[in-house]
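Spelled out, the chains give:
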Amino acid sequence: MVPRQIVVTPLHRLLRYVSDVIYPPACAGCGRATGGAGAFCVQCWPEIKFIERPYCEVLGIPFVYDHGEGMVSAEAISNPPSFDRLRSATIYDGPARKLVHQLKYQDRTDLAGLMALWMARAGGEALAQCDCIIPVPLHRWRFFSRRFNQSAELARHLAAIAGKPFLPATLIRVKSTSRQVGLSAVARKKNVQGAFALSPGQEAEIFGKRVVLVDDVYTTGATVSAAAKRLKKSGAAQVTVLTFAMAISGPI
């Protein structure tokens, strides 16, 4: 599939100029001045740990050794997820971790385009073959306090890159959950139980469709698992979870 070409208009150029004035080109990892927006300095770039094959075909966890095509990790076998596959662009560490924090907590939505490019590469065939792209939603109270949904920002850029329908309002969060940070895996799972629902009248957007579900970071998988389960119950034929980063120490 050939991604949809994005036309650069005078308005786009003006917005880019304003963005450069507000955020002068600097390394997203350490803040050193760079020659252009979205660049990393020579010190930070080697510290970004991209997730490459070989990896578990279900959970996307990188392997130290190539065990052969279609290899699945012991974790995926012993505890099958509610989604069909997971793909992540990087390991949640170093400059990649800083990117997530800047997007999520410092309102650096200008970084979402760069992050989505890396995610598009990681999504590969699943992204090319999907029918729609859906972000993990925030509850309305969390959205009002944060003013934007970082997952939706990433998903919006991914949809533009891949030329796929972006459905930001199809899946909604009906339960105001506590923050997942600091909770145990069991507590995280309980926290998001029953948290998601389909917007009324949106069943046709999901039934029989191949969905890419977007989030910023995969940790225990409790949130995306609950969201994927809701999509599957609503008739989704396939759910691929695509995140910018994965919180693991390294290959297994």
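Residues numbered from 1 in each chain as written. Predicted model: local features only at pLDDT ≥ 70, side-chain atom pairs only at ≥ 80, totals over all residues. Heavy atoms only, no water.

### What about the sheet that holds strand 5 (residues 210-218)?
Logical step 1: Here we have 4 strands laid out as an open sheet, ordered 1-6-5-2, and parallel in their pairing. Each having just a single partner strand, strand 1 (85-91) and strand 2 (132-135) make up the two edges of the open sheet. Between one strand axis and the next, the sheet turns through 25 degrees on average, direction left out of account.
Logical step 2: As paired elements, strand 1 and strand 6 (residues 238-246) share 6 bridges and run parallel to each other. Within the sheet, the bridge partner assigned to Ile91 lies in strand 6 and is Met246.
Logical step 3: Here helix 6 (residues 150-162) sits on the sheet and contacts strand 2, strand 5 and strand 6; the angle it forms with strand 5, its principal contact strand, is near 130 degrees. (Pairing = 2+ DSSP bridges. Helix = DSSP H or I, 4+ residues; strand = E, 2+ residues; numbered from the N terminus. Axes fitted to C-alpha atoms, helices over the stretch in contact; angles between N-to-C directions. Contact = heavy atoms within 4.5 Å.)

### Thoughts on the nonpolar core
Logical step 1: Residues Phe40, Ile133, Leu158 and Phe244 are the most contacted members of the largest nonpolar core, which totals 37 residues.
Logical step 2: At the level of secondary structure, the elements contributing two or more residues to this core comprise helix 3 (94-105), helix 4 (112-129), helix 6, strand 5 and strand 6.
Logical step 3: Of all the elements, helix 4 adds the most residues to this core, at 9 residues.
Logical step 4: Those residues in contact with Leu158, other than ones at most four positions away along the chain, are Ala116, Met119, Ala120, Leu127, Ile133, Val214 and Leu242.
Logical step 5: Ile61, Leu167, Ala195 and Leu213 belong to the second-largest nonpolar core, a separate cluster that totals 33 residues. (Core = buried A, V, L, I, M, F, W, Y, C linked by side-chain atoms within 4.5 Å. Buried < 20%, exposed > 50% of the residue type's maximum accessible area, 1.4 Å probe, protein only.)

### Some thoughts on the packing of aromatic side chains
Logical step 1: Considering all chains together, one arrives at 7 aromatic pairs under this definition.
Logical step 2: Site record: aromatic cluster; members linked through ring pairs are Phe40, Trp45, Phe50, Trp118 and Phe244. (Phe/Tyr/Trp six-rings, centres within 6.5 Å; stacked < 30°, edge-to-face > 60°.)

### Quick word on the pairing of strand 6
On any regular strand, side chains alternate: one points to one face of the sheet, the next to the other face.
Logical step 1: Of all 9 residues that make up strand 6, 8 are buried, and the element is covered over most of its length.
Logical step 2: Where strand 5 lies against strand 6, 8 bridges are found, and the strand directions are parallel. Pairing of Tyr218 across the sheet is with Met246, part of strand 6.
Logical step 3: Viewed along the sheet, the connection from strand 5 through helix 9 (residues 222-233) into strand 6 turns out right-handed. (Right-handed = clockwise from strand over helix to strand, strands pointing away.)

### Some points on the environment of Arg32
Logical step 1: Residue placement: Arg32 occurs in the loop between helix 1 (10-22) and helix 2 (74-78).
Logical step 2: Accessibility expressed as a relative area gives 44% for Arg32, which makes it partly exposed.
Logical step 3: Residues Arg32 and Gln43, 11 residues apart in the sequence, show an inter-C-alpha distance of 9.9 Å.

### Focus: the confidence of the model for the protein
Logical step 1: When pLDDT is averaged across the protein, the result is 88; 88% of the residues are at 70 or more.
Logical step 2: Of the regions scoring below 50 in pLDDT, residues 1-7 engages in 11 contacts with residues more than four places distant in sequence or in other chains. (pLDDT = per-residue confidence, 0-100.)

### Regarding helix 6
Logical step 1: In this model helix 6 runs 18 Å from its N-terminal to its C-terminal C-alpha over 13 residues, within 8% of the 18 Å that 1.5 Å per residue would give.
Logical step 2: Most of helix 6 sits out of view: 10 of its 13 residues are buried.
Logical step 3: The opening residue of helix 6, the one whose side-chain oxygen lies 3.0 Å from the backbone nitrogen of Ser151, is Asn149.
Logical step 4: Immediately beyond the C-terminal end of helix 6, within one or two residues, lies Gly163, with a positive phi of roughly 70 degrees. (Expected span 1.5 Å × (residues − 1). Polar contact = N/O pair within 3.5 Å; in protein donor to acceptor, adjacent residues only side chain to side chain.)

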